[in-house]
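Chain and residue survey
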Amino acid sequence: RHFRRVRAPTDSTGHAMPTAHLICGLPCSGKTTYARGLHADQESVLFSLDRWLITAFGRYTLSDVGQDEHVRRVLACRELIWDQCVELLRRSVDVILDDGFFLRENRIQCIEAVRATGAQATIHLVETPVAVIQSRLTSRNSALPRHNFAIDPATLLTFVELFERPSSDEGATLLVPPVSGTG
């Protein structure tokens, strides 16, 4: 992936404004790899939702716990992450949210909350062809990294259907890095 330092906007006094970077995309699209690269290139704090979920609750599947319980866990971790983000943004520290941000409504809520801290938001859409994602998913599931969930192919297709592609009218800068790696 191509990582570039994102120039922070400035306030009326010329001081750089902190930025929340929302990493958006499907599972196995390369979000976490992209987020780590962005983090390595910028002074920031990286929050990966899956890492928090697995650390707090252990690895599980949707069929193990059910959709309602999974959503409860996601919301609990997001609240804990957000509490830390608010403090960091108020101290002018950039944050990177490796969350997926499938739904427009969730992105807009996050962007509004970011702006309420006096910070700016940038959406990084990690867009990867579904065929590539399916291949990566098979490989990942066979040798699951520590902070990743196993996702069955049918669930991936459900996620593809649910995913709402970000647009430039969501109140944040939209960046779409070039796709790298086709397999």
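Residues numbered from 1 in each chain as written. Predicted model: local features only at pLDDT ≥ 70, side-chain atom pairs only at ≥ 80, totals over all residues. Heavy atoms only, no water.

**Details of the packing of helix H6 (residues 130-142) against helix H7 (residues 153-162)**
Packing of H6 against H7 leaves a shortest axis separation of 11 Å and a crossing angle of 150°. Crossing handedness for the pair H6 and H7: right-handed. Residues Val 130, Ile 133, Gln 134 and Leu 137 of H6 pack against Pro 153, Leu 156, Leu 157 and Val 160 of H7. Of the residues in the contact of H6 with H7, the class split is 7 nonpolar, 1 polar and no charged. (Axes fitted to C-alpha atoms, helices over the stretch in contact; angles between N-to-C directions. Helix = DSSP H or I, 4+ residues; strand = E, 2+ residues; numbered from the N terminus. Left-handed = near helix turned anticlockwise from the far one by under 90°. Contact = heavy atoms within 4.5 Å. Nonpolar A, V, L, I, M, F, W, Y, C, P; charged D, E, K, R; others polar.)

**Digging into the sheet that holds strand S5 (residues 173-175)**
Across the sheet, 5 strands lie side by side as S2-S3-S1-S4-S5; this open sheet has parallel pairing. The sheet terminates laterally at strand S2 (44-48) and S5, the two strands that pair on one side only. Going across the sheet, the axis of each strand differs from the next one's by a mean of 20°, ignoring polarity. Where strand S1 (residues 19-24) lies against strand S3 (residues 94-100), 5 bridges are found, and the strand directions are parallel. Residue His 21 lies in a different strand from S3, and its bridge partner there is Ile 96. Lying on the sheet, helix H1 (residues 31-41) is in contact with S1, S2, S3 and strand S4 (120-125); it crosses S3 at an angle near 175°. (Pairing = 2+ DSSP bridges.)

**Focus: the packing of aromatic side chains**
Here the structure, examined in full by the defined rule, presents 4 aromatic pairs. An angle of 80° between the planes, with centres 5.3 Å apart, marks the rings of Phe 102 and Phe 159 as edge-to-face. Here the residue Phe 102 occupies a position in the loop between S3 and helix H5 (104-116), and Phe 159 occupies one in helix H7, the gap between them amounting to 57 residues. Among the residues examined, Phe 102 registers a relative accessible area of 18% and is labelled buried. The rings of Phe 102, Phe 159 and Phe 163 are connected pair by pair, giving a single aromatic cluster. Across the ring face of Tyr 60, the terminal group of Arg 73 is positioned such that the distance to the ring centre comes to 4.5 Å. (Phe/Tyr/Trp six-rings, centres within 6.5 Å; stacked < 30°, edge-to-face > 60°. Buried < 20%, exposed > 50% of the residue type's maximum accessible area, 1.4 Å probe, protein only. Lys NZ or Arg CZ within 6 Å of the ring centre and 35° of its normal.)

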